[in-house]
Structure formats: structure tokens, C-alpha cells
Amino acid sequence: MSIVVHCPDPAETAEWRDRLAALMPEARVEALEAAAAPEAVRYAVVWQPGTGRLARFPGLRAIVSLGAGIDHVLADRALPAHVPIIRTVGRDLTQRMREYVALHVLRHHREMPALAAAQAAARWQQIVPPPATGRRVGVMGLGNLGAAAARSLAALGFDTAGWARSAREIEGVACFAGAGELGAFLARSEILVCLLPLTDATADILNAGLFARLPHGASLVNAGRGGHLVEEDLLAALDSGRISHATLDVFRQEPLPAGHPFWRHPGVTVTPHIASMIDPETGGRIVAANIRAFERDGTVADLADAARGY
Ligand code: NDP
Ligand code: OXD
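Residues numbered from 1 in each chain as written. Chains lettered and ligands numbered in written order. Predicted model: local features only at pLDDT ≥ 70, side-chain atom pairs only at ≥ 80, totals over all residues. Heavy atoms only, no water.

**Here we look at the side chain of arginine 225**
Position of arginine 225 among the secondary structure elements: in the loop between strand E10 (218–222) and helix H8 (231–240). When residues no more than four places from it in sequence are discounted, the contact partners of arginine 225 are Trp47, Gly69, Asp71, Leu198, Val250 and His273. (Helix = DSSP H or I, 4+ residues; strand = E, 2+ residues; numbered from the N terminus. Contact = heavy atoms within 4.5 Å.)

**With respect to the pairing of strand E6 (residues 136–140)**
Along E6, 4 of the 5 residues are buried, which leaves the element largely enclosed by surrounding structure. A crossover links E6 with its parallel partner strand E7 (residues 159–164), the connecting element being helix H5 (residues 144–155), and its sense is right-handed. Where E6 lies against strand E9 (residues 191–194), 4 bridges are found, and the strand directions are parallel. Looking at the pairing, valine 139 lines up with valine 193 of E9. (Buried < 20%, exposed > 50% of the residue type's maximum accessible area, 1.4 Å probe, protein only. Right-handed = clockwise from strand over helix to strand, strands pointing away. Pairing = 2+ DSSP bridges.)

**Topic: the sheet that holds E7**
Taken in spatial order, the 7 strands line up as E8-E7-E6-E9-E10-E11-E12 in an open sheet, and their pairing is parallel. This sheet does not close on itself; its edge strands, each paired only once, are strand E8 (174–177) and strand E12 (268–270). Taken pair by pair, the neighbouring strands of this sheet meet at an average axis angle of 15°, ignoring direction. Taken strand by strand, helix H3 (residues 91–109) contacts E6, E9, E10, strand E11 (243–248) and E12, and its axis lies near 160° from that of E11. With respect to the sheet, H8 is in contact with E10, E11 and E12, its orientation differing from that of E11 by roughly 140°. (Axes fitted to C-alpha atoms, helices over the stretch in contact; angles between N-to-C directions.)

By themselves, these figures tell us nothing about what the structure is for.
So this is what it looks like as C-alpha cells:
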């Protein structure tokens, strides 16, 4: 079996290649650009493959996304449409996202940005927030990551709601579904967390119209994708006070350019797409198991639905 690996950073490609080669002695694992016999390649393990690279492999059985999202694969305008896409998800990814969401929701809830500003001005400013039970948090997207994050927030005591495409039931979480229930969900979300996949239906969803439906002064945590956020609308909402603070992990352009206003805006916390990374050590085992299962059964549980976009 022949497997190729591609990440935009050659050092990362080499790390994944070596890890998969060690885990899968039955396979020939190469960097995609170095594939000696393209017709023999059966699996492409990729992050942001770009346009045209995957079309070089006529015998591809599946594309493995080195991530939960598949938008970076679907962005390939020459993508061989018939080839299934396998997501890489798992316990570590979910755990990391739960930590990230809990950290930043607690930080907004306990007014840490305002306290940090008070410290910078040597100002003794006691801010007493309500207990978490009096804070309404909303999670957009109730898949692997969103549902786990919502459960963690509920376990911390937050008055937690979630919104998805289809109706769900999660203990301790008020679930809303579809466009018809979005308004009611937003109206109660003092801290809004976005964990949606980027699709045609969710692109630009974090915009001025949506911000206007949140309680005044709400805060935002976006760990979905940069394409969810209309950046100018957020800057205007921060400047008017409609949004009090935003924590952003994902951006339209990554790395975020040095001159981008988000870096220095007092109302924005930037993290460099690290909410939940897949590393070759633990992720390699999941990728190897998925490829072996797909070879054996022709399917895996983590198959994405390309037509749906996630
Ligand atoms: P899943 O595919 O498991 O879940 C997606 C959720 O979003 C589902 O609940 C789905 O609804 C909902 N959804 C999709 N489209 C819509 C829509 N139009 N309206 C309302 N709800 C919608 O994804 P994961 O939880 O695994 O991952 C979510 C995203 O998180 C990834 O696609 C990726 O973009 C991002 N991510 C970011 C990381 C980071 O480090 N910042 C790391 C990993 C992922 P339904 O349940 O009805 O299908
Ligand atoms: C992912 C990501 O989709 O890292 O897994 O963003």
C-alpha cells in the first residue's frame, strides 16, 4: 500500500511521514511531492493540500484530513470528487478543545480582560460577576467538539445552550436547531462559542446581523474557522460596545499578518490556531487505524460527507 503525506510546512510533512512509516510497516509512506509512482498511491494524508495536488493520483482510495474539518480539502478546485474523505478526530482532540473553550469562556465570564486592563493602570477595580449558573453561554455546532465543550461548560455550572443543524438532546444543555431557532439561541447567549464547520451555509455567519441579536456586550470565542467571521463587522461591534471582547483562534489568513488590527486591538485575544491540534504522536495512531479499517471494510466511522461539507 502506498501513502503520501502533505502539510504546507515541509518539516511537519516529514514528521507525519516518519511517524506513519513507523506505525505502518506494511505501507510505503512518502512526502506527496516525492511520490515516485503516483499511480500506486492509495491514501493521501493531508492538511491544506492546495489545488491540483490530489488529482495526480488516479488510484486514490481515500483522502485523510489531518484535522476534524474538511474545508481545507474541499477548497481544492480540482479535487477528485468521487474519493471519500476521512476526518481525523479522537479523544485528545476533543480534550484539548474542551480545555480551550472552558479556559476562554471562564476568562470572559470572570472579566479577565477588564481586570488585566485595571492591573496595567495599577487600578484596584473589584468586578464581581454572577456565578456561572447566572451566565448564559451558547455553543454553535454540537458535533464531536461542540457537544463535548457544551457538556464541560454545563459541568462547570454555566447555563448552557447549543445550536446545530438538526435537533439534538444533550443532558444539561438546552438544544436549538436550524435557522428557525437561531434567534432564540442568540438572544440568550452572553458568551457565544463558534465550533461550526466552514460550509457554504456557515461562511460569514458571525456578522453584524448576528451580533445585533446577541445580548448587548456579549463576548465571542471563535475556534471554528476564520471564514465564519466577517472581520470588519467584529471590529465595528467591538468599537460600539455591542461585543465586549473576542477570543479568536482561527483567521481568514493564517498566519495572521503582522499588520492586522486584531493583533493590537484591546478587545481581541489572538491565539494562533492552537485550540486543538492533532500531533503526529497521538494523531498518527488514529490515522493509521482509520486507513487500516478503510482497507479492510471500505468505510470508517469518521467518514465526512463532502456534499454536506462536514
Ligand atoms: P462535526 O462535524 O462533528 O460537527 C459539526 C456540527 O456543526 C454539527 O453539530 C452540525 O449539526 C453543526 N452544523 C453544521 N452545519 C450547520 C448549519 N448550517 N447550521 C447549524 N449547525 C450546523 O465537527 P467537529 O465538532 O468535529 O468540528 C467542528 C469544527 O471545529 C471543524 O469543522 C473545524 O472547523 C473546527 N476545528 C477547529 C480546531 C482548532 O484548533 N481551532 C480544531 C478542530 C476543529 P448536525 O449535528 O445537525 O449535523
Ligand atoms: C481541525 C483543525 O480541523 O485543526 O482539526 O482546525
